[in-house]
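# Survey of secondary and tertiary structure
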Protein chains: 2
Amino acid sequence: MKYVELESHQSFGGQQKRFKHWSAVLDCEMNFSIYLPPDYRNKNLPLLYWLSGLTCNDQNFVIKAGAQKYAAELGMILVIPDTSPRGDKIPDDSSYDLGQGASFYVNAITKPWKNHYQMFDYISIELSELIRWHFKTNGKQSIAGHSMGGHGALMMAFRHPNRFNSVSAFAPIVNPMQVSFGKKAFYHYLGDEKEAWQIYDSCFLMEHYNNEPFPILIDQGTADEFLSKQLQPERLESIAQKRNWPFQLRWQKDYDHSYYFVASFIHDHLLFHHQYLK
Amino acid sequence: MKYVELESHQSFGGQQKRFKHWSAVLDCEMNFSIYLPPDYRNKNLPLLYWLSGLTCNDQNFVIKAGAQKYAAELGMILVIPDTSPRGDKIPDDSSYDLGQGASFYVNAITKPWKNHYQMFDYISIELSELIRWHFKTNGKQSIAGHSMGGHGALMMAFRHPNRFNSVSAFAPIVNPMQVSFGKKAFYHYLGDEKEAWQIYDSCFLMEHYNNEPFPILIDQGTADEFLSKQLQPERLESIAQKRNWPFQLRWQKDYDHSYYFVASFIHDHLLFHHQYLK
């Protein structure tokens, strides 16, 4: 449970920090970022996990989203993990949608990935314990993410009932089993047996969920270059409607897939989570 | 006066755009970024120029400062130039505080710099005309910047009386003639004749200014690693006091020199300028 502080910057009256630690689950050194709001010193505050998309590490959201301002105002701790194991000895691929920066947050079961690509367990267990060990909270948490990280946030919440009070996503991959990003990643990390894929597919998981539902907010830009082939959030919406789920999908006119889109609506997402974390 | 659009992203209801154009003054191709707020379509809005610091290009502020939200709310166009001429054929230096990314916004008069490093004229004349040619405004403008860009913003305003309604800076180099960043750059770009340096030194320029003063706001972090050796904004403050200048220097406790500092107070700066741009 050791970690080393790499950076600390005063930000909106709180601190934006970055740490590294040895991950036994991933068998490599990992970085993560955390924002501690000004009230952290004298109050027990809730956590919001942010899972990032393809090609990102733990810094993109920290630098580009502008979330610190709202986390400071609302009193929320932000935890931002990396998107995959990292390092020279970690298997990788020359394409941007496989290997380092593209774990899809699964536990790989095929070679050469399985020894390191255990991001589901890393975030669910190891990082989660490390955070609880080192940072005081009020015990409540929610999760959010972008694109591949939107998939990660939704899937994590379906797989851990009662762990997250609310979930939100920007342009998430909701049905990875049926789109080329997901098919490629799942084939490489999980093999060709589709049953191994289902437990990481949010559409499948929502359809078969039999616990208390949690509120979901999704924002999707209409000018998103990945919308028609990779995202199609209406697939999850139609299941949500069938199951009478507390679910809101908002179409944001002219927004694309970038962090300019995330930055434009991150305040709404933090306000959304805040109401369930008090 | 031609330019080519490189990128356009919907951002807080407006558009964050990036362009390239041929600069005759710098004899190379240049990029600049511009934010057009949602009201741009149906109103004539003021401009705020942002000059960036060492190692930056036109994208750092755009990505890291979170200024679009406030520019959208207040109705201000943001113009962000690059910090130097660029390209394989442009003279450069291996240190980060000289050459590409480190023009100090001067017109160089020594070899090998003088053929391209004419950033004072580029921003004062060429870029300024290009912006006026292609974008409608209400005719009012202000200028702001960070570190080397804070020097640039102040110095530009002193050199162009009545052009800018207000000036603000984060951690500016106010007295480049007396600190090592400035001495090194001025020696290389301007030679060893100190008279050539004075017209780029804000302390000198404020001391000898004989036009209508313009309001100045400066924010300075107390944990800034460059504060004691390179910045010392109290030098400008003491001249401002002598001259009875409308001048505010705010010390921001525990903030460093990074964009986390800029992001934390950029709203205040836009509000400051807004009152003089209506």
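Not measured: the values here are computed from a predicted model.

Summing up its helical and strand segments, chain A has 10 helices and nine strands in all. Computed over its C-alpha atoms, the radius of gyration of chain A comes to 17 Å, within 12% of the 19 Å expected for a compact globule of 278 residues. On the principal axes, the C-alpha backbone points of chain A span a range of 50 × 45 × 35 Å. Here chain A holds 278 residues, and 53% of them are scored as buried.

All names here are of chain A. At Leu127, helix H3 (residues 119–134) is bent by approximately 30°, the largest bend along its length. If you check which residues of H3 are buried, you get Met119, Phe120, Tyr122, Ile123 and Leu127. For H3, the secondary structure elements touched by its buried residues are strand S2 (14–23), strand S3 (28–36), strand S5 (77–81) and helix H4 (148–159).

Our next topic: the sheet that holds strand S9 (residues 247–252) of chain B. Residues and elements named next belong to chain B. The nine strands are arranged S1-S2-S3-S5-S4-S6-S7-S8-S9 in an open sheet whose pairing can be described as mixed. Strand pairing shows two members of the sheet lacking a second neighbour, strand S1 (4–11) and S9, which therefore form its edges. Sheet twist, expressed as the mean angle between neighbouring strand axes with direction ignored, is 15°. In terms of strand pairing, strand S6 (residues 141–146) meets strand S7 (residues 167–170) through four bridges, oriented parallel. Along S7, the bridge assignment pairs His146 with Phe170. Each of strand S4 (47–51), S6 and S7 is contacted by helix H4 (residues 148–159), which is oriented at about 150° to S6, the strand it contacts most.

So, on to the relation of the copies chain A and chain B. What connects the two chain copies is a rotation about an axis and a shift along it. When chain A is brought onto chain B, the operation consists of a screw motion whose angular component is 180° and whose axial shift is 0.0 Å, with 0.0 Å RMSD remaining. The superposition of one copy onto the other is thereby described by a two-fold rotation axis. By residue overlap, the copies meet face to face through one surface: 100% of the interface positions of chain A are interface positions in chain B.

Next up on the list: the confidence of the model for chain A. When pLDDT is averaged along chain A, the result is 97; 100% of the residues meet or exceed 70. Overall fold confidence (pTM) sits at 0.94, and the ipTM for the predicted complex is 0.90.

As a further point, take the pairing of S1(B). Residues and elements named next belong to chain B. Where S1 and strand S2 (residues 14–23) come together, seven bridges link them in antiparallel fashion. The residue of S2 that forms the bridge with Ser8 is Lys17. In sequence, S1 turns back onto S2 through a hairpin of two residues, with Phe12 there showing a positive phi of about 50°.

What follows covers the interface of chain A and chain B. Facing the 17 residues of chain A at the interface are 18 residues of chain B. Every element with two or more residues in the side of chain A that touches chain B is listed here: strand S1 (4–11), helix H1 (60–64) and helix H10 (259–277) of chain A. The element contributing the most residues to the side of chain A that touches chain B is H10(A), with four residues. Residues of the side of chain A that touches chain B, tallied by class, amount to seven nonpolar, seven polar and three charged.

Let us look at helix H9 (residues 234–242) of chain A. Residue and element names in this part refer to chain A. When H9 is considered as a whole, its buried residues turn out to be Leu236, Ile239 and Ala240. One face of H9 carries all of its buried residues, which in axial projection span an arc of 105°. Seen from the open side of H9, the exposed residues pointing more than 90 degrees away from its buried face are Ser238, Gln241 and Lys242. The inward-facing, buried residues of H9 contact helix H7 (202–207) and strand S9 (247–252). Phi turns positive, to about 60°, at Asn244, one or two residues after H9.

The tendency in soluble globular proteins is for nonpolar side chains to be buried as a group. If you look at the biggest cluster of nonpolar residues, it comprises 89 residues, and the most contacted ones within it are B:Ile77, B:Leu78 and B:Val167. The greatest single-element share of this core, amounting to 10 residues, is contributed by helix H10 (residues 259–277) of chain B. If near-sequence neighbours (up to four positions away) are discounted, B:Leu78 is found in contact with B:Ile34, B:Tyr35, B:Leu48, B:Trp50, B:Ala67 and B:Ala71. By size, the runner-up hydrophobic cluster in this structure holds 87 residues, among which are A:Val79, A:Phe120, A:Tyr122 and A:Phe204.

This part is about unusual backbone geometry. All names here are of chain A. Along the chain, Lys111 connects to Pro112 via a cis peptide bond; the corresponding omega equals 0°. Tracing the backbone through its elements, the reader meets Pro112 in the loop between S5 and H3. The backbone phi angle of Asp27 is positive, close to 55°, even though this residue is not glycine. By secondary structure assignment, the location of Asp27 is in the loop between S2 and S3. Phi is positive for Asp254, close to 75°, though the residue is something other than glycine.

Before going further, it helps to spend a moment on the environment of A:Ser84. All names here are of chain A. Within the secondary structure, Ser84 is located in the loop between S5 and H3. Assessed through the 28 C-beta atoms surrounding it within 10 Å, Ser84 is described here as buried. Spatially, the C-alpha atoms of Ser84 and Tyr105 are 7.5 Å apart, while their sequence positions differ by 21 residues.

Quick notes on the rules
- Residues numbered from 1 in each chain as written.
- Chains lettered and ligands numbered in written order.
- Predicted model: local features only at pLDDT ≥ 70, side-chain atom pairs only at ≥ 80, totals over all residues.
- Helix = DSSP H or I, 4+ residues; strand = E, 2+ residues; numbered from the N terminus.
- Rg over C-alpha atoms; globule rule 2.2 N^0.38 Å.
- Buried ≥ 20, exposed ≤ 12 C-beta atoms within 10 Å, placed from the backbone.
- Bend = angle between axes of the 7 residues up to and from the residue.
- Contact = placed C-beta atoms within 7 Å.
- Pairing = 2+ DSSP bridges.
- Axes fitted to C-alpha atoms, helices over the stretch in contact; angles between N-to-C directions.
- Least-squares fit on C-alpha atoms with pLDDT ≥ 70 in both.
- pLDDT = per-residue confidence, 0-100.
- Nonpolar A, V, L, I, M, F, W, Y, C, P; charged D, E, K, R; others polar.
- Arc of directions from axis to C-beta.
- Core = buried A, V, L, I, M, F, W, Y, C linked by C-beta atoms within 7 Å.

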